[in-house]
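This is what each chain is made of:
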Amino acid sequence: MRTKIVAGNWKMNKTHSETESLLTELSAKRPDTTAEIIVAPTFVNLAAAREQLSDSIIQVAAQNMHFAENGAYTGEISADMLLDIGVETVILGHSERRAHFGETDDLLAKKVKTALNKNMRIIFCFGEELEDRKSGNHFSVVESQLKNALFDLAATAWKGIVLAYEPVWAIGTGETASPEQAQEMHAFIRKAIADNYDGATANSVSILYGGSVKPNNAEDIFSKPDVDGGLIGGASLNCGDFIAIVKAI
Ligand code: PEP
């Protein structure tokens, strides 16, 4: 059985006190579920969030990290820094990191290796741009993103990886992939993993969908057989919406 996951990417939102109140509310309203619930506040609030959630099943993830152990990388955060405050999961490859901060597949491959060497779990994001979909290149774009950053890993490394398919045209736009489009791509991704590794590896990887998931569309998207949950941006900033999405799984 693959793990079902609902993860909230808070991006550059919520001050320290706002983080504390949202986590208090989420903890109080969290439904009983076997799905994993993860929140990714901004770096400066990670330690406090971990402390606040120390007895909770709600997990805390970082939104990014550097590939180097340590050193002269002003403004960056290392894997050891995250682990030291109890953060063991990191989102890598988000389209905003790729688009605004020049993160390439090659750079991401390095980050992935560092995180795995440190036994961290990765939520690896990827997805095509609108032009790729319009021109019918979406499958090849997605396949090359996976190939360049992940497909030279050993099969055993995949136990540390969660995939998040996030079509760029659906992120923060209110436009969502239809449940059928999500299922079609998730099945394609699973087959690509099976072709490069084996069926058991492909069937064990949780593949999340991300891109304008809201309470009113979550259930339809999550009902698809190859969709194992969601990476939620905007709707994760509101307790009621995020809880409704968690309930949908
Ligand atoms: C995201 O940023 O990962 C995301 C899916 O955002 P939104 O839900 O706001 O589209």
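See above for the structure.
Residues numbered from 1 in each chain as written. Predicted model: local features only at pLDDT ≥ 70, side-chain atom pairs only at ≥ 80, totals over all residues. Heavy atoms only, no water.

Participant: How would you explain the overall build of the protein if you had to name every residue and give the values?
Facilitator: Looking only at helices and strands, one finds 11 helices and 8 strands in the protein. Against the 2.2 N^0.38 benchmark of 18 Å for 249 residues, the protein shows a C-alpha radius of gyration of 17 Å, consistent with a compact globule. By principal-axis analysis of the C-alpha atoms, the protein measures approximately 45 × 45 × 35 Å. The burial tally for the protein puts 52% of its 249 residues in the buried class. Considering only contacts in the protein between residues 6 or more positions apart, those separated by 24 or more positions represent 71%. When the accessible surface of the protein is split by element, carbon and sulfur atoms take 49% of a total near 11100 Å². (Helix = DSSP H or I, 4+ residues; strand = E, 2+ residues; numbered from the N terminus. Rg over C-alpha atoms; globule rule 2.2 N^0.38 Å. Buried < 20%, exposed > 50% of the residue type's maximum accessible area, 1.4 Å probe, protein only. Contact = heavy atoms within 4.5 Å. Areas by Shrake-Rupley, 256 points an atom, 1.4 Å probe, with all protein chains shown as cover.)

Participant: How would you explain the packing of helix H7 (residues 138–150) against helix H8 (residues 179–196) if you had to name every residue and give the values?
Facilitator: Following both chains from N to C, one finds H7 and H8 inclined at 45 degrees, their axes separated by 11 Å at the closest point. It follows that H7 is oblique to H8 by the angle criterion. At the point where H7 passes H8, the crossing takes the right-handed sense. Listed contacts from H8 to His-138, Phe-139, Val-142, Glu-143 and Leu-146 of H7 are Glu-184, Met-185, Phe-188, Ile-189 and Ala-192. Looking at the contact of H7 with H8 residue by residue, the classes come out as 7 nonpolar, 1 polar and 2 charged. (Axes fitted to C-alpha atoms, helices over the stretch in contact; angles between N-to-C directions. Parallel < 35°, antiparallel > 145°, perpendicular 65-115°, else oblique. Left-handed = near helix turned anticlockwise from the far one by under 90°. Nonpolar A, V, L, I, M, F, W, Y, C, P; charged D, E, K, R; others polar.)

Participant: Would you mind going over the sheet that holds strand S8 (residues 229–232) in detail, with residue names and values included?
Facilitator: Strand pairing in a sheet relies on backbone hydrogen bonds. The paired strands run either parallel or antiparallel. Reading around the barrel, the 8 strands line up as S1-S2-S3-S4-S5-S6-S7-S8 and close back on themselves, with parallel pairing between neighbours. Strand after strand, the sheet turns through a mean of 25 degrees between neighbouring axes, direction not considered. Pairing geometry for strand S5 (residues 121–126) and strand S6 (residues 161–165), over 5 bridges, is parallel. Its bridge partner lying in S6, Ile-123 is registered against Val-162. Here helix H11 (residues 239–248) sits on the sheet in contact with strand S1 (5–9), strand S2 (36–40) and S8, set at roughly 160 degrees to S1. (Pairing = 2+ DSSP bridges.)

Participant: So what's going on with the packing of aromatic side chains? Which residues, and what values?
Facilitator: Scanning the model with the defined rule gives 8 aromatic pairs in all. Centre to centre, the rings of Phe-126 and Tyr-165 are 6.2 Å apart; their planes meet at 45 degrees, and the pair counts as tilted. Placement of Phe-126 in strand S5 and of Tyr-165 in strand S6 is noted, with a sequence separation of 39 residues between them. Using a relative accessible area of 2% as the deciding quantity, one classes Phe-126 as buried. Classification of Tyr-165 as buried rests on a relative accessible area of 0%. Connected via pairs of aromatic rings, a cluster forms that spans Phe-124, Phe-126, Tyr-165 and Tyr-209. The cationic tip of Arg-97 hangs over the ring face of Phe-101; the distance from NZ or CZ to the ring centre is 4.0 Å. Cation over ring: Lys-110 sits above Phe-67, and NZ or CZ is 4.5 Å from the ring centre. (Phe/Tyr/Trp six-rings, centres within 6.5 Å; stacked < 30°, edge-to-face > 60°. Lys NZ or Arg CZ within 6 Å of the ring centre and 35° of its normal.)

Participant: So, the layout of surface pockets: which residues are in play, and what are the values?
Facilitator: Computed from the structure, the largest pocket encloses a volume of approximately 360 Å³. If you go around the largest pocket, you meet 13 residues; those closest to its centre are Lys-11, Met-12, Gln-63, Arg-97 and Phe-101. Of the residues forming the lining of the largest pocket, the biggest block, 3 residues, is contributed by helix H4 (residues 95–101). For the lining of the largest pocket, the per-class residue count stands at 5 nonpolar, 5 polar and 3 charged. Here the second largest pocket is characterised by a volume of approximately 190 Å³. Taken together, 16 residues form the lining of the second largest pocket, with Ser-95, Arg-98, Ala-99, Glu-129 and Val-168 sitting closest to its centre. Looking at the lining of the second largest pocket, the elements with two or more residues in it are H4, S5 and H7. A total of 5 residues in the lining of the second largest pocket trace back to one element, the largest contributor, which is H4. (1 Å grid on protein atoms, 1.4 Å probe; cavity = no way out; pocket = protein on both sides within 12 Å on 5 of 7 lines; lining within 4 Å. Points joined across faces, edges and corners; volume = space filled by probe spheres on them.)

Participant: Let's hear about the site of the ligand: which residues, and what values?
Facilitator: Near the ligand lie 14 residues; those nearest to it are Lys-11, His-94, Glu-166, Gly-172 and Ser-212. Between the ligand and the protein, one listed contact pairs an oxygen atom with a backbone N or O atom of Gly-172 at 2.7 Å. Take Gly-233: an N or O atom from its main chain is 2.9 Å from an oxygen atom of the ligand. Contact with the protein chains covers 98% of the free accessible surface of the ligand, which is 300 Å². The class makeup of the residues in the shell around the ligand is 4 nonpolar, 8 polar and 2 charged. (Near = heavy atom within 4 Å. Polar contact = N/O pair within 3.5 Å; in protein donor to acceptor, adjacent residues only side chain to side chain.)

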